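Overview (structure and organization)
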Amino acid sequence: MSGVRFTLDGRAVEAREGESILQAAQRHGIDIPHLCYKDGLRADGNCRACVVEIGGDRALAPSCCRAPAAGMQVQARSARAVAAQKMVLELLKSDMPDEAVRADSELDDWAQRMGVGVPRFPRRAQPAADASHPAIAVRLDACIQCTRCLRACRELQVNDVIGYAHRGEIVFDFGDPLGASSCVGCGECVAACPTGALLPATGSLPLGGGKTVDSLCPYCGVGCQVTYRVRDNRIVAAEGRDGPANHGRLCVKGRFGYDYVRHPQRLLKPLIRKPGAVKSVDNTLADFREASWEEALDFAADGLKRIRQRHGKYALAGFGSAKGSNEEAYLFQKLVRTGFGTNNVDHCTRLCHASSVAALLEGIGSGAVSNPVADVQHADVIIVIGANPTVNHPVAATWMKNAAERGVKLIVMDPRETELARHAAYSLQFKPDSDVALLNAIAHVIVTEGLVNERFIAGRTEGYEAFRENVLRTPPEAVEKLCGVDAAAIRSVARTYARARAAMIFWGMGVSQHTHGTDNVRCLIALALMTGQIGRPGTGLHPLRGQNNVQGASDAGLIPMMLPDYGRVADDAVRVRFEKLWGAALDPKPGLTVVEILDAARRGEIRGMYIMGENPAMSDPDLAHARAGLAKLEHLVVQDLFLTETAALADVVLPASAFAEKTGSFTNTDRTVQLGRAAIDPPGEVRQDLWIVQELARRLGLGWNYAGPREVFEEMRGAMPSIAGVAWERLAREGAVTYPCLEEDAPGEPVIFTDRFPTANGRGKFVPAEFRPAAELPDADYPLVLITGRVLEHWHTGAMTRRSEALDALEPAAHIDVNPDDLCALGCKAGEFVTLETRRGKVSARARADAGLARGTVFMPFCYAEAAANLLTNPVLDPFGKIPEFKYCAVKLTPVPGCPLPVV
Amino acid sequence: MSRRHLNPVPSVAIEEVRALVGAGTLRRDLLIEYLHRLQDSYGFLSADHLAALAEAMKLSRAEVYEVATFYHHFDVVREGEATPPPLTVRVCNSVACEMAGANELLDGLRAALGDRVRVRAVPCVGRCECAPVAVVGRNPVGEADVRAVQWAIDAGAVDAPLPEARGLADYRAAGGYRLYADCVAGRRGAEDVIAALESANLRGLGGAGFPAGRKWRVVCGMPAPRLMAVNIDEGEPGTFKDRYYLERDPHRFLEGMLIAAWAVGIAKIYIYLRDEYAGLRTMLGEELDALRAAFPNAPETELRRGAGAYVCGEESAMIESIEGRRGQPRLRPPYVAETGLFGRPTLEHNMETLYWVREIVERGAAWFASQGRRGRKGLRSFSVSGRVVKPGVHLAPAGITLRELVDEFCEGMLPGHELYAYLPGGASGGILPASLAGLPLDFDTLNEHGCFIGSAAITVLSQQDSARAVALNAMRFFAHESCGKCTPCRVGTAKAAILMEREAWDVPLLKELAQTMQDASICGLGQAAPNPLLSVMRFFPHELEGGK
């Protein structure tokens, strides 16, 4: 790399390749004032505060946009350059309000450093403040039109809300108030704004004081790195950090959803159910009494021990949590396996990607992603099927949108036309549950048009012939009607994917949460294998993991048929290794899964449970049934932050520590292990979760003594070869290590399967799948299809986000999304109440018109306790992954008569 | 969830938009064209239509809104806002028209027409020889008064009359397109043509004066595909020469354009015509159709329509506009010749530059170069307005003085008027006093006086006029037309206009401000905006002392 030598203020300096004059100057300690330039944003050169004199140029040049040339004479501090720099600052300052909106305004800072006095120009007519958005305050009286917000909104996050209208006005959509606009609240604009024209609704932070803690976002599987600003043991701001998954970006939850930890409903003391209080999800604190830790822990352990003695070990089960750390997950499963004595331990992965993992283990020997999300930068085609990443993995979606803007062909396949479809080259809105038919038709085209990768198939796979026979029966023309997609479009998509230099497939729960979820994923694996689109950068298979630590919790063995690192419990060799490691006998019988455990509870076979940080009374299908199962338990121990719907059914509730209050490792969707650090102390009598688990373990007769997460992690490294090379010190130092990382000096492997699959013979396996319809099809009584899912602002069952002020203000109430024509046919308007009813239950909520839904389909998010969508869902399971069919059941939609529109 | 779902676009709006823009995939670069169709059909742009258009184009609402609101000829009506009256009368109040009583006309029309007709003051509409001008709908009324405007409204005369230009057949009958045919047939070499332009010293006549031959050579050397953009966004107040030539002999320009495209190896041509020239647009559209039929192998040519933005006369802003965006200038480097339209090397020319190609090649470079006085070469098309007997476009030798131009071509000053000052190059070229009426008028000759001739738009002031008032008029114009991108121009023009409205000027502050605007603005608009202001301080200080 050769630098460019030029002269800056009489000094010979060298610029690195790609550096602007401004950047080179900065590196050499010469600070040129700048406002519209910000690291990470495209240089725009509009503010002109950074103009410099360049020998031979008539006018001054913006140093942020100008590349130095060899021998160039640049003067950043000549009288002429400084006069212009100061005049620009003065002009901008003359339009600022009397009192700075932000204490650390970059304009004020530069004006002071450059000695700009009181502006001599009259102030412009100022726009009014806009307080319509719950998370972001708009103070355009402090706007300097630098468009950093616009570039952040449009070019980084690709949310495209902010525009530069008229001859220099920052606007949202059509000049709407921010709160009424299509803003998704990511706050990237706030992070970008130099003057506070856009700032958190909570206001500007005073200068100095407080501390910062480098940690993670507690929400989704993307694994954004965050820096928390802390004052007086309270988090006052979350800022994006330059992590491998987010590079400083955050979404609305990560940036504004940190305040739930201090919600008044936070449990501060252990609770024991009052005698005679009948179990119900509607139970409140009044149904419990406070207890000391000693009493509560004894009570919790005694109940479990009693059941084990009286009814045997199979009468106990535990649900761990994908929101906890790796260390917590590891200890939890160890507690169930060695303390309860069975494998009846599971967690919410069962409800999100169990079918994906089943198919992946069967086909390519590993349930984790083959390539990280960031690999979209190396792809030229991206398929996103059955996933809505702009809502559920917002920061990951930004990379996909960036790629699409650069010309990468994005193919979106989903029964709902989602926001991502706007950026797609192809959007196939197929009929719900026709996934297998559609994917087989794509495979058919690849086979019959000679687009298969013969060499890859021959060298690295098995079972192709049977697969080929199977897909030859499904030409696109034959499934056109079934899928509701033109054969021509199917053919185009097949060609685009197969011919790509590098193509990635992402999927979410739209694929996995079906009775044919495993089949769906088998088809996706087959597409990658038949085209050789795996094992290289920019290719592969990526099931977008939901929870922040669902990958880590699964890796740690929080699954009933597998020990840590996916050794099967039924495999003697595996079990013996862990028996030796743990010094305890292990049960060879695979345990029950989430839905099976609650079924067994309903039948009286499971009598005692320990649930840590999960909320099955909201998240499981057919809630009436699931809640009845929980209520029927003789002894339920729940460890959580709040009195959740599940905790309301508990016999004893142990107040848990929140993400921001503890340190631990977390593994994101990319297989990257990262460190979350305690930012604040737990409130009240709340104790660390690791302590609680250990105290229960002690009372169950296990003599554990882990000093903290580090000691647990060290044990895990010994038990799990995949992370053997990840030392705790390294994690603390590097912030992120991607496994497999077998040796301490190994870099970690973001892309795997490069030359073999971790199967017995090293080959990937084709598994043919045939179209099977959903378990419950629409009929005359229940004529529509219900799809459930999530909303951007709320996490999972809402336990955290509904207690975050800004997030709950943004999406405060349940809603039922309906195709506008269906809504019209019903005689209803958006905003009126409607009722959804299935064979299992009914709920009412306000209707929303969503043109992205095909006629005959309705969508409802499951995060609202007051209108719990899972009262409606069908608990029937995929035979392989045991995942329920959350994405399809027959439903009836009726108006609620006499219900007025809300007053806006 | 995106809140876009909270207010889905009404299906009727989608149908209405589709009926105008067609089915299927829409072109991003035609956004302004689509907006025109909506504006033309409905008289304004409703929020529903904009939302439907955004959806059809897979654009965000902000992207559509920011473009629609950038251009003065689009009336965006947000939800709950009143729609404009069906008819708008645009009264030009730039320098020449203001001198001719535009402000009184505006007052008169507002009083006479009330609410049923919208009366708007607008910048130069390119008809300064018959100031003041009012455009009724699309019908320009010259030497307008309230009665004439009222008559046009009552008579329903709201469409632009079609200019009686020489058509293709007549042009060919008189030897037109023979040169082009020779070029295409190989009877002429590109090198010869380029050499002819070079020795004729033909310079860019849009205002910058860049040598045309050299430009062809530079773009020629760039990788294909190369594009061409023709600038007929004639908006510099006082300039109307492009309109003048097009109204009479459009094919002389079109032949020059095709020869340039042939010589440089152009894949596609875009002609950008200012929206104010509605009659020309219709005529040019028809002549282009005829041309395509006559020369089916000529490069594809698209006629694009501006939408009311002076800054789009700046070459890179025009390119942005052709791409369907806000007309904001680009930073250079990279230069347009290298990275221009759609990121391709682009040959950009003012219409008049191309207009002279045929004659120079046919009559020889020496003929063109031999024109001129005081050592200057070539001919200049002066758009003359103001206090002269015969305003209009006068083709005169480069290097002619203002005094000669007035006396020899304009039949002298109007009776009762004495030469006081003149604008040598529109609103941005500065103001010169009568004492400097003997300077040769050409590129580069006025630099030492802080002025330039630019597009050769001469406005002549008499003792009845005030240089200070003209400078304020110009600064308000620049503030109105600034694209808003860079601080020195966006904020500088606004602040300067306010300071210049004050009884007493803060001369040191205005000088400081002017220096930064000249030094640090992105494009010529902001860089030249202080010229009239500086001229007043330099040549007309008595006007600042309450003298005038």
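Summary of the structure given here. These figures come from a predicted structure and were not determined experimentally. (Residues numbered from 1 in each chain as written. Chains lettered and ligands numbered in written order. Predicted model: local features only at pLDDT ≥ 70, side-chain atom pairs only at ≥ 80, totals over all residues. Heavy atoms only, no water.)

At the interface, 66 residues of chain A touch 54 residues of chain B. With both sides pooled, the region where chain A packs onto chain B buries about 4700 Å², and carbon together with sulfur makes up 53% of that total. Looking only at chain A, the three residues that lose the most surface to chain B are Tyr164(A), Arg167(A) and Phe174(A), adding up to 20% of its buried area. Put simply, chain A and chain B have five salt bridges between them. Here Arg154(A) and Glu66(B) are joined by a salt bridge, their closest N and O atoms 2.8 Å apart. Taken together, the links from chain A to chain B amount to 24 residue pairs in polar contact (both at pLDDT 80 or more). Among the elements of the structure, helix H2 (79-94), helix H4 (148-156), strand E7 (162-165), strand E31 (815-818) and strand E33 (842-849) of chain A are those that each provide at least two residues to the side of chain A that touches chain B. Sorting elements by how many residues they give to the side of chain A that touches chain B places H2(A) first, with eight residues. (Contact = heavy atoms within 4.5 Å. Buried area = accessible area lost by both parts, 1.4 Å probe. Salt bridge = Lys/Arg side-chain N within 4 Å of Asp/Glu carboxyl O. Polar contact = N/O pair within 3.5 Å; in protein donor to acceptor, adjacent residues only side chain to side chain. Helix = DSSP H or I, 4+ residues; strand = E, 2+ residues; numbered from the N terminus.)

With that out of the way, let us pick up the pattern of salt bridges. All names here are of chain A. Tallying each qualifying case throughout the model produces 106 salt bridges over all chains. Salt-bridge contacts for Glu19 lead to Arg27; the nearest nitrogen and oxygen are separated by 2.6 Å. Note that Arg501 is salt-bridged to Asp380, the shortest N-O span being 3.6 Å. Within this pair, whereas Arg501 is found in the loop between helix H17 (487-499) and strand E21 (503-507), its partner Asp380 is found in the loop between helix H10 (354-364) and strand E17 (381-385), the two being separated by 121 residues in sequence. The exposure class assigned to Asp380 is partly exposed, which follows from its relative accessible area of 25%. (Buried < 20%, exposed > 50% of the residue type's maximum accessible area, 1.4 Å probe, protein only.)

This paragraph deals with helix H7 (residues 146-154) of chain B. All names here are of chain B. Restricting attention to buried positions, one finds in H7 the residues Val149, Ala152 and Ile153. End-on, the buried residues of H7 take up no more than an arc of 100 degrees, which puts them together on one face. Exposed and oriented more than 90 degrees from the buried face of H7 are Arg147, Trp151 and Asp154. Of the residues trailing H7, Gly156 is marked for its positive phi of about 70 degrees. (Arc of directions from axis to C-beta.)

Glancing now at the packing of aromatic side chains. Residue and element names in this part refer to chain B. Summed over the entire model, instances satisfying the criterion amount to 31 aromatic pairs over all chains. Between Tyr171 and Tyr177 the ring centres are 5.1 Å apart and the planes differ by 75 degrees, which places this aromatic pair in the edge-to-face class. Residue Tyr171 shares its accessibility class with Tyr177, and that shared class is buried. Seen in terms of ring centroids, Tyr245 and Tyr355 are 4.4 Å apart; in terms of plane orientation they differ by 35 degrees. Their pairing is tilted. (Phe/Tyr/Trp six-rings, centres within 6.5 Å; stacked < 30°, edge-to-face > 60°.)

Attention now goes to unusual backbone geometry. All names here are of chain B. Put simply, Ala131 and Pro132 share a cis peptide bond, and its omega is -5 degrees. Relative to the helices and strands, Pro132 is located in the loop between strand E4 (117-122) and strand E5 (134-136). Residue Asp444 is not a glycine yet carries a positive backbone phi of 70 degrees.

All right, on to the packing of helix H22 (residues 594-602) of chain A against helix H24 (residues 623-632) of chain A then. Residue and element names in this part refer to chain A. Across the interface, H22 lies against H24 with an axial gap of 7 Å and an inter-helix angle of 60 degrees. With respect to H24, the axis of H22 lies oblique. For the crossing formed where H22 meets H24, the hand is left-handed. Where H22 abuts H24, its residues Leu598, Asp599, Ala601 and Arg602 lie against His625, Ala626, Ala628, Gly629, Leu630 and Lys632. (Axes fitted to C-alpha atoms, helices over the stretch in contact; angles between N-to-C directions. Parallel < 35°, antiparallel > 145°, perpendicular 65-115°, else oblique. Left-handed = near helix turned anticlockwise from the far one by under 90°.)

What follows concerns empty space enclosed by the protein. Residues and elements named next belong to chain A. Across all of its chains, the model carries 16 cavities of 30 Å³ or more by this definition. Each pocket or cavity is described by its volume, and for the largest cavity that value is around 410 Å³. Along its surface, the largest cavity is lined by 30 residues, and Ser321, Lys323, Gly613, Asp640 and Met800 are the ones closest to its centre. Partitioning the lining of the largest cavity into residue classes produces 13 nonpolar, eleven polar and six charged. Its volume calculated, the second largest cavity comes out at about 350 Å³. Around the second largest cavity, the lining comprises 27 residues; the ones closest to its centre are Gly386, Ala387, Met509, Gly510 and Lys887. Mapped onto the lining of the second largest cavity, the elements with two or more residues apiece are helix H11 (389-392), helix H18 (509-512) and strand E30 (784-789). If one sorts the elements of the lining of the second largest cavity by residue count, E30 sits on top with three residues. (1 Å grid on protein atoms, 1.4 Å probe; cavity = no way out; pocket = protein on both sides within 12 Å on 5 of 7 lines; lining within 4 Å. Points joined across faces, edges and corners; volume = space filled by probe spheres on them. Nonpolar A, V, L, I, M, F, W, Y, C, P; charged D, E, K, R; others polar.)

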